[in-house]
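Listed below, chain by chain, are the residues.
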Amino acid sequence: MVQYNFKKITKVPTGKDFVDIVLSRTQRQTPTVVHKGYAINRIRQFYMRKVKFTQTNFHEKLSTIIEDFPRLDDIHPFYGDLLHVLYNKDHYKLALGQINTARNLIGKIAKDYVKLLKYGDSLYRCKALKVAALGRMCTVTKRIGPSLAYLDQIRQHMARLPSIDPNTRTILICGYPNVGKSSFINKITRADVDVQPYAFTTKSLFVGHTDYKYLRYQVIDTPGILDRPFEDRNIIEMCSITALAHLRAAVLFFLDISGSCGYTIAQQSALFHSIKSLFMNKPLIIVCNKTDLQSLAGISEDDKKLVEEMRSEALKTLIGQGGEPREGAEVLLTMSTLTEEGVIAVKNAACERLLDQRVEIKMKSKKINECLNRFHVAVPKPRDQKERPVCIPQAVLEAKAKEAAAKESKKLERDLEEENGGAGVYSASLKKHYLLADDEWKEDNMPEILDGHNVYDFVDPDILQRLEELEKEEGLLQEVGEEDEEMDVEDLTPQQQKELAEIRKKKSLLIREHRIKKSTAESRPIVPRKFDKDKRFTSERMGRQLSSLGLDPSKAIERARSKSRGRKRERSSNGDMDVDDGGSNKKMRARSLSMAESRSRSRPPTNVLVPGEGYKDSAQKIKAYKLGRNSVFKRNKDAKKGEGDRVIPNLKPKHLYSGKRSNGKTTRR
Amino acid sequence: MRLEKCWFCSSTVYPGHGIQFVRNDAKIFRFCRSKCHKNFKMKRNPRKVKWTKAYRRLHGKDMTQDATFEFERKRNRPERYDRNLTENTLKAIKTIDKVRSRREETHHKNRMKGKVAKERKEARKEHDQQLHMLIAPGAMVKDTSAAKVTVKVQHESDENRMEE
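Calculation rules
- Residues numbered from 1 in each chain as written.
- Chains lettered and ligands numbered in written order.
- Predicted model: local features only at pLDDT ≥ 70, side-chain atom pairs only at ≥ 80, totals over all residues.
- Heavy atoms only, no water.
- Helix = DSSP H or I, 4+ residues; strand = E, 2+ residues; numbered from the N terminus.
- Buried < 20%, exposed > 50% of the residue type's maximum accessible area, 1.4 Å probe, protein only.
- Contact = heavy atoms within 4.5 Å.
- Areas by Shrake-Rupley, 256 points an atom, 1.4 Å probe, with all protein chains shown as cover.
- Patch = residues over 30% accessible without salt bridge, like charges linked within 9 Å, V, L, I, M, F, W, Y side chains within 5 Å.
- Salt bridge = Lys/Arg side-chain N within 4 Å of Asp/Glu carboxyl O.
- Core = buried A, V, L, I, M, F, W, Y, C linked by side-chain atoms within 4.5 Å.
- Buried area = accessible area lost by both parts, 1.4 Å probe.
- Phe/Tyr/Trp six-rings, centres within 6.5 Å; stacked < 30°, edge-to-face > 60°.
- UniProt positions renumbered as here; feature names shortened; annotations may be inferred.
- Pairing = 2+ DSSP bridges.
- Right-handed = clockwise from strand over helix to strand, strands pointing away.
- Lys, Arg positive; Asp, Glu negative; His and termini not counted.
- Charge placed at Lys NZ, Arg CZ, Asp CG, Glu CD.

## Quick look at the overall build of chain B
And then number 1: Within chain B one finds 6 helices and 4 strands.
And then number 2: Order of helices (α) and strands (β) in chain B, N terminus to C terminus: β-β-β-β-α-α-α-α-α-α.
And then number 3: Buried residues in chain B amount to 24% of all 164 residues.
And then number 4: Of the contacts formed within chain B by residues at least 6 apart in sequence, a portion of 41% connects residues at least 24 apart.
And then number 5: For chain B, the exposed area adds up to about 12100 Å²; of that, 51% sits on carbon and sulfur atoms.

Shown next as structure tokens:
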């Protein structure tokens, strides 16, 4: 019995899609290459395979459609009728029939063309046959396109039908439109049915579930029924009629005694009488709703009479059930869904009646005999004739009575919240029920953090005592440890301190220089002293440094000067005979003269005009000489070999041509 | 809300700061900032990283054992609220803090005890040994030699007189 599997029906593709799917499958899953040079059998087989494959695919897919859709005769009559009401049985069957015929047609086409293909004599003919076969199959499919679309629509709607189990405990709610059926189901179950002031808000069946005595009950909300002849009813009303007709459920007939639904009690009771035939064998309860607007006692005499009539009808069903005649109040109940009084009573009454009825039926049926052996109520055997009634102590009885009274007057937190402004405004005090030594402390906020510590870590019942001990300890420690360190070692005098500071400065300077030298030593060329640009190493400088150290530099400077090679010295090698000079002259004589020096000896002095050189006068010659010397001087300072030494080791050094500036622009480089 | 300790540097992690890392064996590592977190990811041992509390405690730079530390212990069972107890606790926290900081100061002082004497000794040594950077030994010797000469003369005259 497929009740819930309406959701599992596979999607029905449209005609075009269907064709596309099958043909693309054929193309993908059969071999695609064939040449006219092949053996004819091979060509025939190739094309026959295609035709057969296409046919099997169509057959498969159409069969799944036909099998997935339920057969209206095989399912529960409730669903059968419901589907008939919604989709019209005949159309449904027709559509499925069309699909079936299409399937058969396609089978026939394939058979015929395969037979023809067996005798195809060339590639072209076989191919044409295959094309014709596939074409005809596709046309057939395209012709059933509208049926496929219709079936897909049905499938989508069916999947959305409420999942009603026709065999379990069900409560059915019926009545005129706008009497309060959907509000009732909203109140007792978790269903969220639309409640609006206009009629026919509920357009289809809705299911909710509720519990009673540990059993689950289905509650079905139906669309409202109007009092019309059977043939004039529309689909929506037919849904509820079907439900009433087929489901074995407890029926709650809703009556709006205030008339705010737009229909008088007379109209409603007329409806009741017209559909009372559907209430055969079903536990019926008449529910008067909207008592907050109009109570049952306050209606007019005629209406009261009508209500009494309905009640007697309902009683008939009750007695007809064969149960013990209970009070008539069980059949007619009042409630108001707005104020929620009587709602639970109605639900309980309905559930109880239904349960009783079902149990009775089960007892009467044969099935119960199989289970009955499993039930056994054990009763202790009385050992004597003494009566032992139930014994409840008086205190318990009193407490129970009190509790019952208190329950009614018990104020819930929820009520409190509503009083004080609702959920967003009022926040319940969670500390209300704290058990503390002193009740004044209940609403205290205890700080969790203080000065970078967690307060909870320090909380300790003996903290005071321990604190005292600590303070005592601390006091002792303070007394003990106040000895001042005597300075055995004396401090330096201010003069010495100054000197020390200078020493340290000089040392740090040396260290820094060394670090710089160390890092650049490999990249710096060792430029000979004669090209010393910064003139760092002059004898005056040496003199200054020596005198700063406290020494007399004059002797050292003289010595240095005498040792250095200068032109003047060279020339006057036979000149002054100081003691020092003599020493240095000896050294000089021992050294061999360089070529430049020897040449400079044999050359005439610069300011003497030599005729072949091309100078106007000696002044010009001197100027030319000076200009020449200047350029040489500059080149020598750059450690270049000569005019032609134009090697630039790094033509475009990266640091000049790249990089962003932290401030300013880089438009000029 | 709790103040936690950073696993790496042991500073307090306030709410809204830092990262918590939960390892597969369910051990939780809390870090106060990305510096500690990155150090942890580099698998550095906090006992070897100079600026962490673990290093300082291990190498005796900060005090390790003290009665004041016993007051702060994570308690797993909460006590029933008692206003007086809470008041006392809050006051106690402040005094305990004072006591602890005083003790830490004394610890630091003890650690630095001989520092001034040592520094002075070193300064004196450096001064004596490196004085030649300012005043050349020659200059110094000259002064003394001049002094010596005068003394010698005096002595000679004395001796002559003595002989005579």
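## Brief notes about the overall build of chain A
And then number 1: When helices and strands are counted, chain A shows 24 helices and 8 strands.
And then number 2: Approximately 45800 Å² of chain A is accessible, and the part contributed by carbon and sulfur atoms is 53%.

## Digging into a nonpolar patch on the surface
And then number 1: A contiguous nonpolar surface patch, about 360 Å² in accessible area, is contributed by V390(A), I392(A), V396(A) and L397(A).
And then number 2: As for its placement among the helices and strands, V396(A) is situated in helix 13 (residues 394-409).

## Re the nonpolar core
All names here are of chain A.
And then number 1: Formed by 107 residues in total, the largest nonpolar core has its most connected members in F69, M158, F184, L244, L252, F253 and F279.
And then number 2: Counting residues per element, this core draws most heavily on helix 4 (residues 89-117), which supplies 11 residues.
And then number 3: In this structure, L436, W441, V455 and V459 belong to the second largest nonpolar core, which totals 17 residues.

## Focus: the interface of chain A and chain B
And then number 1: Tallying the contact residues gives 51 residues for chain A and 53 residues for chain B.
And then number 2: Regarding the contact of chain A and chain B, the summed buried area is about 5300 Å², with carbon and sulfur atoms giving 61% of it.
And then number 3: Ranking the residues of chain A by area buried against chain B places W441(A), D457(A) and F458(A) at the top, with a combined share of 12%.
And then number 4: The interface formed by chain A and chain B includes 8 salt bridges.
And then number 5: Its salt-bridge partner being R103(B), residue E474(A) comes within 2.8 Å of it at the nearest N-O pair.
And then number 6: Mapped onto the side of chain A that touches chain B, the elements with two or more residues apiece are strand 7 (449-450), strand 8 (453-454), helix 15 (455-458), helix 16 (463-480), helix 17 (494-520) and helix 18 (539-549) of chain A.
And then number 7: Broken down by element, the residue count for the side of chain A that touches chain B peaks at 10 residues, all from helix 16 of chain A.

## Quick look at the pattern of salt bridges
And then number 1: On inspection of all chains with the given rule, the structure shows 34 salt bridges over all chains.
And then number 2: Among the ionic pairs, E419(A) bridges to K411(A), the shortest N-O distance being 2.9 Å.
And then number 3: The partner of R83(B) in a salt bridge is D444(A), and the shortest N-O contact between them spans 2.8 Å. Taken together, the residues R83(B) in helix 4 (residues 83-111) and D444(A) in the loop between helix 14 (413-419) and strand 7 connect one chain to another.

## Brief notes about the packing of aromatic side chains
And then number 1: For the structure on display, the rule yields 19 aromatic pairs over all chains.
And then number 2: Geometrically, the ring pair formed by F253(A) and F279(A) is edge-to-face, given 6.4 Å between the ring centres and 65° between the ring planes. Of the two residues, F253(A) sits in strand 4 (residues 250-256) while F279(A) sits in the loop between helix 9 (265-275) and strand 5 (284-289), which places them 26 residues apart along the sequence.
And then number 3: With relative accessibility at 0%, the residue F253(A) sits in the buried group.
And then number 4: Look at W441(A) and Y81(B): their rings are 6.3 Å apart centre to centre, the planes differ by 85°, and that puts the pair in the edge-to-face class. With W441(A) in the loop between helix 14 and strand 7 and Y81(B) in the loop between helix 3 (67-71) and helix 4, this pair bridges two chains.
And then number 5: Relative accessible area serves as the criterion here: at 8%, W441(A) is assigned to the buried category.

## Details of unusual backbone geometry
Keep in mind that most residues, glycine aside, have a negative phi and that most peptide bonds are trans.
All names here are of chain A.
And then number 1: A positive phi angle is found at N88, which is not glycine, with a value near 70°.
And then number 2: Within the element layout of this structure, N88 appears in the loop between helix 3 (77-87) and helix 4.
And then number 3: Given a relative accessible area of 29%, N88 falls into the partly exposed group.
And then number 4: Its identity is not glycine, yet D451 carries a phi of approximately 55°, on the positive side.
And then number 5: Looking at the secondary structure, you find D451 in the loop between strand 7 and strand 8.

## Here's the deal with the UniProt feature "domain: TRASH" (unreviewed entry) in chain B
And then number 1: As annotated in UniProt, the feature "domain: TRASH" (unreviewed entry) corresponds to residues 6-44 of chain B in the numbering used here.
And then number 2: Summarising residues 6-44 of chain B: 21% helix, 26% strand, and an end-to-end C-alpha distance of 14 Å.

## Looking at the pairing of strand 5 of chain A
Residue and element names in this part refer to chain A.
And then number 1: Summarising burial for strand 5: 6 of the 6 residues are buried, a large majority.
And then number 2: Residues of strand 5 alternate between two faces, with L284, I286 and C288 on one and I285, V287 and N289 on the opposite face, all of them buried.
And then number 3: Summarising the sheet, strand 4 and strand 5 pair through 6 bridges and their orientation is parallel. Counted as the bridge partner of L252 is I285 from strand 5.
And then number 4: On the question of chirality, the crossover connecting strand 4 to the parallel strand 5 by way of helix 9 is right-handed.

## With respect to the environment of K621(A)
All names here are of chain A.
And then number 1: Relative to the elements of secondary structure, K621 occurs in helix 23 (residues 618-637).
And then number 2: The sequence separation of K621 and L609 amounts to 12 residues, and the corresponding C-alpha distance is 7.3 Å.
And then number 3: Leaving out residues up to four positions away in the same chain, K621 has contacts with T606, V608, L609, V610, E613 and Y615.

## Notes on a positive patch on the surface
Residues and elements named next belong to chain A.
And then number 1: Together, K52, K108, K111, K115 and K118 give the surface a local cluster of positive charge.
And then number 2: Take the positive patch: its biggest share by element is 3 residues, from helix 4.
And then number 3: Considering the arrangement of structural elements, one finds K115 in helix 4.

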